Amino acid sequence: MKIAIFASGGGSNFQAIADACESGHIPGQVVLCVVSRADAGVIQRAERMGIPQVVLQGSTAEWAPAVLKQLEEASVDLIVLAGFMKMIPMALIGRFPGRILNIHPALLPNFGGKGMYGMHVHEAVIAAGESESGATVHLVDQDYDTGPIVAQSRVPVLANDNAEDLAVRVLKAEHVLYPDVIRAFAENRVRVSGTHITIDPPRP
Ligand code: GRF
């Protein structure tokens, strides 16, 4: 399975996924790294791993057709958003139905939507007095954080946590959850029935 990762930041999820491909945990290969900012740390990670990068230029109307062409030329099967801070245009969603994943650092449907990104999410979880948070992998539709949920991983919120403490704990959970979900896609173990998604256990 050929994977394109879209990112805008430091790229720790990019790294976890690329490492899982290299180690054979995911039977797949990261063939393209699409980046929305020229100063994103993920670029150095992709360079170190010899994975081609594309830095988006101009408006969505300008970059969408160019990226679509590159995805097709690289025969990409699955698009993985990992801290990607732009909306995915309909042209891409239509071309990869059920094949675009995002990870969100909370237990959706709570603490999602416009403005709920980065530390804002963890601050809101702590302010709400939640005893649990986590990460959610979902399919991408035309809105923020509303697509069908594929899998979640839970972590506790501890008594004296601040947003940074919680962010570290959730990010660690993401680095396990995201490769596991991508592996399930690569092994054809994901069952979609409308908006209900289940994952079969790994085959022995
Ligand atoms: C993660 O917390 C992810 O949930 C969110 O953006 C962050 C990306 O972190 N969508 P990184 O760039 O993968 O380190």
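Everything below is about the structure shown above.
Everything numeric here is computed off the predicted structure, so don't read it as measured data.

### Notes on the pattern of salt bridges
Here's step 1: Across all of its chains, the model carries eight salt bridges by this definition.
Here's step 2: Where Arg 95 meets Glu 72, a salt bridge forms, and the shortest distance between an N and an O atom there is 2.5 Å. Of the two residues, Arg 95 sits in helix 4 (residues 90-95) while Glu 72 sits in helix 3 (residues 60-73), which places them 23 residues apart along the sequence.
Here's step 3: Arg 95 sits in the partly exposed class, given a relative accessible area of 37%.
Here's step 4: Residue Glu 72 is classed as partly exposed on the basis of its relative accessible area of 40%.
Here's step 5: Here Arg 154 makes a salt bridge to Glu 132, at a shortest N to O gap of 2.8 Å. In this pair, Arg 154 is assigned in strand 7 (residues 149-156) and Glu 132 in strand 6 (residues 132-139), connecting sequence segments 22 residues apart.
Here's step 6: Exposure remark for Glu 132: the relative accessible area of 34% places this residue in the partly exposed category.

### A closer look at the side chain of Thr 136
Here's step 1: Among the structural elements, Thr 136 can be located in strand 6.
Here's step 2: Overall, Thr 136 belongs to the buried group, its relative accessible area being 0%.
Here's step 3: When neighbours within four sequence positions are excluded, Thr 136 is seen to be in contact with Asn 102, Ile 103, His 104, Ala 106, Leu 107, Leu 108, Ile 149, Ala 151, Gln 152 and Leu 177.

### Some details on the environment of Gln 57
Here's step 1: Its place among the elements puts Gln 57 in the loop between strand 3 (53-55) and helix 3.
Here's step 2: Separated by 55 residues in the primary sequence, Gln 57 and Gly 112 have C-alpha atoms spaced 27 Å apart.
Here's step 3: With near-sequence residues (within four places) excluded, Gln 57 lies in contact with Glu 62 and Trp 63.

### Some points on the pairing of strand 6
Sheet faces and side chains relate simply in a regular strand, where the side chains alternate between the two faces.
Here's step 1: When you tally the buried positions in strand 6, you get seven out of eight residues, the bulk of the element.
Here's step 2: When strand 5 (residues 100-104) meets strand 6, the two strands line up antiparallel, connected through four bridges. Note that in strand 6 the partner of His 104 across the bridge is Thr 136.
Here's step 3: Relative to strand 7, strand 6 runs antiparallel, the two being bridged by seven bridges. Looking at strand 7, one finds that Val 137 is bridged to Ala 151.

### Notes on the site of the ligand
Here's step 1: Taken together, Gly 10, Gly 11, Ser 12, Asn 13, Gly 83, Ile 103, His 104, Pro 105, Leu 171 and Glu 174 form the complete shell of residues around the ligand.
Here's step 2: Taking Gly 10, its main chain carries an N or O atom lying 3.5 Å from an oxygen atom of the ligand.
Here's step 3: Here an oxygen atom of the ligand and a backbone polar atom of Gly 11 are 2.8 Å apart.
Here's step 4: If the ligand stood free it would expose 370 Å²; the protein chains cover 78% of that surface.
Here's step 5: Among the detected pockets, the ligand sits in the largest pocket.
Here's step 6: Contributions of two or more residues to the shell around the ligand are made by helix 1 (12-23), strand 5 and helix 6 (163-186).
Here's step 7: Here the residues of the shell around the ligand are counted per class, giving three nonpolar, six polar and one charged.

Here is what the cut-offs are and how they apply
- Residues numbered from 1 in each chain as written.
- Predicted model: local features only at pLDDT ≥ 70, side-chain atom pairs only at ≥ 80, totals over all residues.
- Heavy atoms only, no water.
- Salt bridge = Lys/Arg side-chain N within 4 Å of Asp/Glu carboxyl O.
- Helix = DSSP H or I, 4+ residues; strand = E, 2+ residues; numbered from the N terminus.
- Buried < 20%, exposed > 50% of the residue type's maximum accessible area, 1.4 Å probe, protein only.
- Contact = heavy atoms within 4.5 Å.
- Pairing = 2+ DSSP bridges.
- Near = heavy atom within 4 Å.
- Polar contact = N/O pair within 3.5 Å; in protein donor to acceptor, adjacent residues only side chain to side chain.
- Areas by Shrake-Rupley, 256 points an atom, 1.4 Å probe, with all protein chains shown as cover.
- 1 Å grid on protein atoms, 1.4 Å probe; cavity = no way out; pocket = protein on both sides within 12 Å on 5 of 7 lines; lining within 4 Å.
- Sits in = over half its atoms within 2 Å of the grid points.
- Nonpolar A, V, L, I, M, F, W, Y, C, P; charged D, E, K, R; others polar.

In short, shape yes, function no, at least from these values alone.
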